Amino acid sequence: MSKSKTIKIKKGLNIKLEGEAEKIFIKEDLSERYAVKPSDFKDVFPKLDVKVNDEVLAGTRLFHDKKNPEIVFVSPVSGIVEAINRGERRRIVEIIIKADCEIKYEQFEKIELDAISKTDLAGNLLKAGLWPFIQQKPFNLIANPEDKPKAIFISGFDTSPLAPDYDYILHDEKKFFQKGIDVMSKFVSDKIHLGVNSQFPISKLYTQLKGVEIHEFIGPHPTGNVGIQIHHINPINKDEKVWFVNPQDVVTIGRFAEKGIYDASKIVALCGSEILKPRYYKIINGTSIKNMIKQNITDNKLRFISGNVLTGKKIQPDGYLGFYDSQVTVIPEGDKYKFMGWAAPGFKKYSNSRTFLSSLLPRKKYKLDTNLNGEERAFVLTGQYEKVLPMNIFPVFLLKAILANDIEKMEKLGIYEVCEEDFALCEFVCSSKIEVQSIISKGIDMMIKENS
Amino acid sequence: MKSLRKYIDRIKPNFHEGGKYEKLQSTFEAFEAFLFVPNKTSQIGTHIHDAIDMKRTMAIVVFALLPATLFGIYNIGYQHFVSTSEIYSVDFWQIFWFGFIEFLPLVVVSYVVGLTIEFASAQIKGHKVNEGYLVTGMLIPLIMPIGVPLWMLAVATAFAVILGKEVFGGTGMNIFNPALLARAFIFFSYPSKMSGTNVWIADKPDAFSGATPLSNIALGNINIPDFYDLFFGFIPGSVGETSTFCILIGALILLITGIASFKIMFSVFLGGYCMSLIVNLTNITFYSQIPAFEQLLLGGFAFGAVFMATDPVTGSQTKVGKYIYGFLIGLLAILIRVVNPAYPEGMMFAILIMNLLAPLIDYYVVHANINKRLKRLKI
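Residues numbered from 1 in each chain as written. Chains lettered and ligands numbered in written order. Predicted model: local features only at pLDDT ≥ 70, side-chain atom pairs only at ≥ 80, totals over all residues. Heavy atoms only, no water.

1. Some details on the domain arrangement of chain B
All names here are of chain B.
Argument step 1. With domains assigned, chain B is organised as domain 1 (9-37 + 55-259) and domain 2 (262-379).
Argument step 2. Every contact between the two is made by 37 residues of domain 1 and, on the other side, 33 residues of domain 2.
Argument step 3. Here domain 1 meets domain 2 over a buried area of about 3,200 Å², counting both sides, of which 81% is carbon and sulfur.
Argument step 4. For the domain 1 face of the interface with domain 2, the top three residues by lost area are Leu-180, Leu-214 and Glu-241, together amounting to 19%. (Domains from an automatic or database assignment. Contact = heavy atoms within 4.5 Å. Buried area = accessible area lost by both parts, 1.4 Å probe.)

2. Looking at the side chain of B:Ser261
Residues and elements named next belong to chain B.
Argument step 1. For Ser-261, the position within the fold is in the loop between α10 (244-257) and α11 (262-280).
Argument step 2. Its relative accessible area of 12% is what places Ser-261 among the buried residues.
Argument step 3. Polar contacts involving the side chain of Ser-261 include one to the main-chain amide nitrogen of Lys-263, which spans 3.2 Å.
Argument step 4. Looking at Ser-261, its side chain comes within polar contact range of the main-chain nitrogen of Ile-264, at 3.2 Å.
Argument step 5. Those residues in contact with Ser-261 that sit more than four places away from it in its chain are Leu-255, Thr-310 and Lys-322. (Helix = DSSP H or I, 4+ residues; strand = E, 2+ residues; numbered from the N terminus. Buried < 20%, exposed > 50% of the residue type's maximum accessible area, 1.4 Å probe, protein only. Polar contact = N/O pair within 3.5 Å; in protein donor to acceptor, adjacent residues only side chain to side chain.)

3. Concerning the interface of chain A and chain B
Argument step 1. Contacts between the two partners involve 75 residues from chain A, matched on the other side by 59 residues from chain B.
Argument step 2. When chain A packs against chain B, close to 6,000 Å² is buried across both sides, 58% of that on carbon and sulfur atoms.
Argument step 3. On the chain A side of the interface with chain B, the three residues burying the most area are A:Tyr337, A:Trp342 and A:Arg377, jointly 15% of the side's total.
Argument step 4. Taken together, the links from chain A to chain B amount to five salt bridges. (Salt bridge = Lys/Arg side-chain N within 4 Å of Asp/Glu carboxyl O.)

4. Some thoughts on unusual backbone geometry
Residue and element names in this part refer to chain A.
Argument step 1. Here Lys-137 and Pro-138 are connected by a cis peptide whose omega angle stands at 0°.
Argument step 2. You can see Pro-138 is positioned in the loop between β11 (135-137) and β12 (141-142).
Argument step 3. Across the junction of His-221 and Pro-222, the peptide omega takes the value 10°, indicating a cis bond.
Argument step 4. Positionally, Pro-222 belongs in the loop between β15 (212-218) and α5 (226-233).
Argument step 5. One non-glycine residue, Arg-90, lies in positive phi territory at about 60°.
Argument step 6. Within the secondary structure, Arg-90 is located in the loop between β9 (79-86) and β10 (92-99).
Argument step 7. Classification of Arg-90 by relative accessible area gives exposed; the value is 58%.
Argument step 8. Despite not being glycine, Asp-239 has its phi angle at roughly 70°, a positive value.
Argument step 9. On the secondary structure map, Asp-239 appears in the loop between α5 and β16 (242-244).

5. Some thoughts on the pairing of strand β18 (residues 279-284) of chain A
Within a regular beta strand, the side chains point alternately toward one face of the sheet and then the other, so they alternate between its two faces.
Residues and elements named next belong to chain A.
Argument step 1. Across the six residues that make up β18, a large majority, five, are buried.
Argument step 2. Sheet topology note: the strand β3 (residues 25-27)/β18 ladder contains three bridges and is parallel. If you follow Ile-26 over to β18, its bridge partner there is Tyr-281.
Argument step 3. Here six bridges tie strand β17 (residues 265-271) to β18, and the two strands are oriented antiparallel to one another. Looking at the pairing, Lys-266 lines up with Ile-283 of β18. (Pairing = 2+ DSSP bridges.)

6. So, the environment of B:Gly19
Residues and elements named next belong to chain B.
Argument step 1. In this structure, Gly-19 sits in the loop between α1 (2-11) and α2 (25-35).
Argument step 2. Look at Gly-19 and you get buried, because its relative accessible area is 18%.
Argument step 3. Distance in space between the C-alpha atoms of Gly-19 and Thr-257 is 42 Å, their sequence separation being 238 residues.
Argument step 4. When near neighbours in sequence (up to four residues on either side) are disregarded, Gly-19 contacts Pro-13 and Asn-14.

Encoded structure:
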């Protein structure tokens, strides 16, 4: 391990919400149903490899990407394909697997890291459906196995609201984590960059790792976003590509290398103000959240989110965990009218501005619902986004370039350095209620089209 | 509140397309949203949102204007009773009531004319009604002399809202500060009602000189009121601009809540102070001899710095740009005041000119960022 000096980030915002997961493990019984959702993967056009009622093992391919057929997506458990749900224009929404009582795995070759070539290694990961865990910046796409990335980054901590504590999650996974790092190291000549939170003593798991360069960060959300860390360590320029992997997915890759099976088990935090007992759950990727929330939620009208409250996706109470997500958040729906809400003194309202009296009170935690708290307007206030975006980028100018479809300007203003998640706080604080993330998303889609 | 909500839900269909009053849909929705924050939840993007919205933002600005407004109302009465030499025979409430009765028509005209246009254009464009006019509608009467004829005020307001704002696309899209446009409109179209000695005091006896301190100086009469009157605002002038003290209370509210930019506000005062020091060294006109600190208390300087220059829509939007923008406003305001005695009220022009230049400042600031990025690519 080697270490560089701490990077202090001042801009940002920690939204303190009620319902943080207590550090207690629940080993969940195997859920009945699992799903793989093609919409979790940006710019992937799914082509099915299975039919309804087909029998699958954990690791059997379900579909592949039409544009890059070598990128395949596999079943996380063994069972039968129960349904293939389609949405608008027959787009595949989810492939649902009814699980066996006990998981049977498809057996792949174990990986001998010293002997294997880079191409063969990529081939093995591709075949077993682990490749989608490796994503690239710019744009958060699945990495292209033929690229040679400038560097590989891992953010070792998550600062988003109610985020799980990776130190806790990865506690017992040291061996597989190291193995995963070793696998990833094959793809770059440099060490892998690992961002850690130096607000707390750095986890031994990280300090004892070999083959990584540790970067200490200190600061509020979005400091934990890998995109923010890349921006401060080694920003992305045009035509450059870097790869990144989530810590839990590194473990999954390591486990595969060691055992030769696709064992997609991971730990998620079940959190949010409407969860009676917020805890950590050991589950298998793609699980239905039905069992987890059973008798564990309040009676209110609720919003179920796979992921965190800023970037997660809305799911049904019997919906499924997203491919890259490590938390499930449940908060109240806010579809209620609030009488003169804008004029109230606002002792209980949460705002990053100091326009409500709550800013005078030392309040620890807030219970926020999904109400927009206003109507959409044109850009009026300035300097709001800058306060929560720790990047050397002019957010409003970039957003306006996207709205104007001006690709050249987008490039100049730094579209390659940003992703939706980095702008999530801008959307949260926006007094004009502008859908910032979807604008960024639109810009990224334009760039993908332009570059392909 | 439940019965009110029920009533609104019951009459709502009448205002939707095909309903009896569909032409009033925007108006209805504006009032509904005014009474009840809508029940709309986030469907994409972040699931939670900050409690602040445009209504809150604008309400805070109106709130910050209150001290200056209340004092302005009192001062209308005060100046009147001074001019009639009755000031020692009336009590506080008589003075305030007189001011209130004089000031109220201005506010009513400003809001009725402005909001009617706003509601109408929202309906034509199929937009929601924007909150921006809540502030503009209050600013307009505050920067007018109390003697301004109401029909002129109405015409100026219509001009500012239609040509200054709506043609550009409404709040957030305008280039010039609408309230200042209204003032500039009257200034150029009916100069006798915006300067001179007869408009600043309501119902003034003819024999009494009603000039503002600034216009007094233009007459060669360097007789600046004492600091107390100047700072607390017991001088003739536009309704809201006289009391620097009350304006500073408003400034404090805007800065604590974070609605207005400290960078702009501070640099306007700094720019004005620097320019005043420079002109003190010269002897161009009578104005150049005013002590630098008092320059900032005279005329609309403080009011402009706190409530006009900080308008986020028409000002500079970048951090560095805000310092430059503010500094140049202060500089220009004093420069215009000093070198051109016909326009002692330099603040209005300074802000309007800088409104025009703000995008240019931002252009260069943003380009510095772009160049930095390009440089990184080359290395």
